[in-house]
Amino acid sequence: RRISFDISKQKIIFYSSIVVILLTIWSYVDKISGYKIEPNSLEYCNPLVISEAVLLFLLFSKFDIKSKIINKLSAACFTMYLLHTLSYSFINVEWLVNINGLLMFILIVLFGVITFLISFLVDNIYRLMLNPIWNRIEFILQKNSYRNR
């Protein structure tokens, strides 16, 4: 289903740029303040990070992508978002950042691809299990809507 919002791509890009600038400044302030734990500017619960996610959602909702492959692969992105922190907890980050730069890059890409493939598999299992339930709910709702006319 398509949800349309009455905001132009240009405004979304403008607001998104403002948020990125604010996040960059906040991140810089975190760095110069000597904050040793994960900086607040990068936390998922940061209102600016959340607003950036909403702006990106609004921007991509403006595009009508017809590719079945892209649409199928993009369905796994939310699953990857949910699983990525769990999957990366199995990686020894200290070891990873202290190895050869090229090898580190290859391993990071490999970890990302593996995480995405696992997410894709989990998403397909989820859809396979829940599609009959959603179809039944949709059938009941349609039957009730015809009855109420």
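Residues numbered from 1 in each chain as written. Predicted model: local features only at pLDDT ≥ 70, side-chain atom pairs only at ≥ 80, totals over all residues. Heavy atoms only, no water.

J.: It is not clear to me how the overall build of the protein chain should be interpreted in this structure. Could you clarify?
T.: The number of helices and strands found in the protein chain is six helices and zero strands. Going from N to C terminus, the protein chain has its helices and strands arranged as α-α-α-α-α-α. Relative to the 2.2 N^0.38 estimate, which gives 15 Å for 149 residues, the radius of gyration of the protein chain is 21 Å and therefore markedly larger than a compact globule would have. A principal-axis box enclosing the C-alpha atoms of the protein chain has dimensions of 65 × 35 × 25 Å. The buried share among the 149 residues of the protein chain stands at 17%. Of the contacts formed within the protein chain by residues at least 6 apart in sequence, a portion of 68% connects residues at least 24 apart. Within the structure as shown, the protein chain displays about 12100 Å² of accessible surface, and the carbon and sulfur contribution to it stands at 70%. A distance of 15 Å separates the average location of the 15 positive side-chain charges in the protein chain from that of its 9 negative side-chain charges. (Helix = DSSP H or I, 4+ residues; strand = E, 2+ residues; numbered from the N terminus. Rg over C-alpha atoms; globule rule 2.2 N^0.38 Å. Buried < 20%, exposed > 50% of the residue type's maximum accessible area, 1.4 Å probe, protein only. Contact = heavy atoms within 4.5 Å. Areas by Shrake-Rupley, 256 points an atom, 1.4 Å probe, with all protein chains shown as cover. Lys, Arg positive; Asp, Glu negative; His and termini not counted. Charge placed at Lys NZ, Arg CZ, Asp CG, Glu CD.)

J.: Looking at this model, I keep getting lost on the pattern of salt bridges. Mind explaining?
T.: Any two side chains of opposite charge can pair, on the condition that their charged atoms come close. Taken as a whole, this structure holds one salt bridge when the rule is applied. Close ionic contact of Asp123 with Arg127 constitutes a salt bridge, the shortest N to O distance being 2.9 Å. One end of the pair, Asp123, and the other, Arg127, are both in helix 6 (residues 101-147), four residues apart, so they sit about a helical turn from each other. (Salt bridge = Lys/Arg side-chain N within 4 Å of Asp/Glu carboxyl O.)

J.: Would you take a moment to explain the packing of aromatic side chains for this structure?
T.: Evaluation of the coordinates by the stated rule reveals two aromatic pairs. When the ring of Phe78 is compared with that of Tyr81, the centres are 6.2 Å apart and the planes differ by 25°; the resulting orientation is stacked. Placement of the pair is Phe78 and Tyr81 together in helix 4 (residues 77-88), with a separation of three residues, close to one helical turn. Taking relative accessible area as the criterion, Phe78 reaches 55% and is therefore assigned exposed. Judged by its relative accessible area of 43%, Tyr81 is partly exposed. (Phe/Tyr/Trp six-rings, centres within 6.5 Å; stacked < 30°, edge-to-face > 60°.)

J.: What exactly am I supposed to notice about the side chain of Ser16 here?
T.: Residue placement: Ser16 occurs in helix 1 (residues 9-32). Given a relative accessible area of 12%, Ser16 falls into the buried group. In terms of polar contacts, Ser16 uses its side chain to reach the side chain of Glu52, at 2.4 Å. In contact with Ser16, other than residues within four places in its own chain, are Glu52 and Leu55. (Polar contact = N/O pair within 3.5 Å; in protein donor to acceptor, adjacent residues only side chain to side chain.)

J.: Just checking my understanding: could you explain the nonpolar core for this structure?
T.: Burial of nonpolar side chains together is a common tendency in soluble globular proteins. Counting seven residues, the largest nonpolar core consists of Ile12, Val19, Leu23, Leu48, Leu55, Leu58 and Leu59. Where this core is concerned, the elements lending two or more residues are helix 1 and helix 2 (47-61). Among the elements that make up this core, the one with the highest residue count is helix 2 (four residues). (Core = buried A, V, L, I, M, F, W, Y, C linked by side-chain atoms within 4.5 Å.)

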